[in-house]
Structure formats: C-alpha cells, structure tokens
Amino acid sequence: MKNISTEVLTMGKEVYSRSCSTCHTYGLSGAAKLVDFDYWDRVADKGMDTIFNHVKKGYRGKRGIMPPKGNCFNCSDKELQASILYIFENIINNKAGTKNI
Ligand code: HEC
C-alpha cells in the first residue's frame with residue numbers, strides 16, 4: 001500500500017467521512033476503529049481483492065455486519081477502492097504517530 005496518490009487519498013477521505021466514519025471512527029455496531037491495529041493486520045492479510053469484495057457486497061464477520069458499499073449506494077468502484085486505501089493509509093499513520101490527510 002505504498003505511493004497512493006494525493007488525488008486518490010483525497011477522494012478516499014471524502015467517501016470515508018461521508019459514509020464510513022460513523023462506524024469506523026467511533027467503533028459503532030462492532031466496526032473496528034482505525035487504531036485497532038491487530039484487527040486491520042488480519043484484514044490486510046486477506047488481500048485487496050477479498051477486502052474490496054467484502055466492502056462492495058457487504059460482509060458478516062465475528063464482530064458484526066459491514067453493510068454493502070458501507071451504505072454509499074451511489075459510490076463507484078473507484079470511490080470504494082479509494083476509501084479502503086484511505087483507511088489503510090490512516091492505520092499506517094496512526095501506528096507511526098504521523099499525521100493523516
Ligand atoms: C453501519 C456500520 C458500518 C459502515 C457505515 C461501514 N462499515 Fe466497514 N465494517 C463494519 C463492521 C461491523 C465490520 C466488521 C465485520 C467483522 O469483522 O465482524 C466492518 C468491516 C470492514 C472491513 C473489513 C472487511 C474484511 O474483509 O474483514 C473493511 C475494509 C471496511 N469495513 C471498510 C469500510 C468502508 C470503506 C466503509 C465506507 C465506504 C465502511 N466500512 C462503512 C461496519 C461498517
């Protein structure tokens with residue numbers, strides 16, 4: 001997950017703030033926060049194809065239900081992809097104690 005362009009991150013931030021943050025910033029309905037590093041390490045191990053599929057189609061895990069497209073029904077694949085990259089970029093920054101965009 002290196003060298004993600006600022007353009008993609010900006011798009012991802014927009015989608016994340018609008019659709020994902022309600023659950024993933026505050027840990028609502030079983031969603032992991034972006035500081036739950038062990039959880040996200042395990043997610044990362046699944047690989048981007050599986051992760052993208054789970055976000056697009058929805059996913060029921062041990063902790064709860066990830067709704068299809070994070071309820072962003074008019075989001076394109078590109079926007080969903082960007083929001084996932086934004087999440088992982090944030091996790092890396094949170095781990096390192098560096099600033100997020
Ligand atoms: C209504 C709450 C909610 C919203 C909104 C939401 N999520 Fe989730 N998400 C969850 C929950 C709950 C899980 C945990 C499922 C589990 O592991 O049990 C999850 C899991 C995930 C995972 C891990 C999937 C996997 O394969 O393990 C990713 C990636 C993710 N969310 C990304 C997003 C993105 C991107 C958005 C916005 C487009 C979003 N989520 C919006 C609740 C939400």
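Quick notes on the rules
Residues numbered from 1 in each chain as written. Predicted model: local features only at pLDDT ≥ 70, side-chain atom pairs only at ≥ 80, totals over all residues. Heavy atoms only, no water. Disulfide = S-S within 2.5 Å. Buried < 20%, exposed > 50% of the residue type's maximum accessible area, 1.4 Å probe, protein only. Axes fitted to C-alpha atoms, helices over the stretch in contact; angles between N-to-C directions. Helix = DSSP H or I, 4+ residues; strand = E, 2+ residues; numbered from the N terminus. Left-handed = near helix turned anticlockwise from the far one by under 90°. Contact = heavy atoms within 4.5 Å. Nonpolar A, V, L, I, M, F, W, Y, C, P; charged D, E, K, R; others polar. Donors = N, O, S within 2.8 Å, 3.2 Å for Na, K, Ca; no water. Tetrahedral: all angles 85-135°; square planar, octahedral: opposite > 155°, others 65-115°. Near = heavy atom within 4 Å. Polar contact = N/O pair within 3.5 Å; in protein donor to acceptor, adjacent residues only side chain to side chain.

Student: Can you explain the state of the cysteines? Please cite residues and give values.
Tutor: Applying the stated rule across the entire model yields one disulfide. There is a disulfide in this structure between C72 and C75, and the S-S distance comes to 2.1 Å. Between C72 and C75 the disulfide shows an S-S torsion of about 80 degrees. By sign, it is right-handed. Here the two residues C72 and C75 agree in accessibility, since each one is buried.

Student: Hey, could you go over the packing of helix α3 (residues 48-57) against helix α4 (residues 77-96) for me, with residue numbers and the actual values?
Tutor: One way to put it is that α3 packs onto α4 with a least axis distance of 10 Å and a crossing angle of 115 degrees. When the axes of α3 and α4 are compared, the crossing they make is right-handed. For the pair formed by α3 and α4, the contact residues are M48, I51, F52, V55 and K56 on the first element and D77, L80, Q81, I84, L85 and F88 on the second. Split into classes, the residues belonging to the contact of α3 with α4 amount to eight nonpolar, one polar and two charged.

Student: Requested: an account of the coordination of the iron atom of the ligand, with residues and values cited.
Tutor: Donor atoms from the polypeptide that bind the iron atom of the ligand are H24 (NE2) and M66 (SD), placed at 2.0 to 2.1 Å. Between the six donor atoms coordinating the iron atom of the ligand, the angles at the centre fall across 88 to 179 degrees, so the site counts as octahedral. Taken as a pair, H24 in helix α1 (residues 6-24) and M66 in strand β2 (residues 65-66) lie far apart in primary sequence, 42 residues in all. With a relative accessible area of 11%, H24 lands in the buried category.

Student: Lay out the site of the ligand with the relevant residues and their values.
Tutor: Close to the ligand lie 26 residues, the nearest being C20, C23, H24, K46 and M66. One nitrogen or oxygen atom from the side chain of K46 is found 2.6 Å from an oxygen atom belonging to the ligand. K62 is positioned with one of its backbone polar atoms (N or O) 3.1 Å from an oxygen atom of the ligand. Among the elements of the structure, α1, α2 (37-44), α3, β2 and α4 are those that each provide at least two residues to the shell around the ligand. Tallying contributions element by element places α1 first for the shell around the ligand, with four residues. Each residue belonging to the shell around the ligand can be placed in one class, and the counts come to 13 nonpolar, nine polar and four charged.

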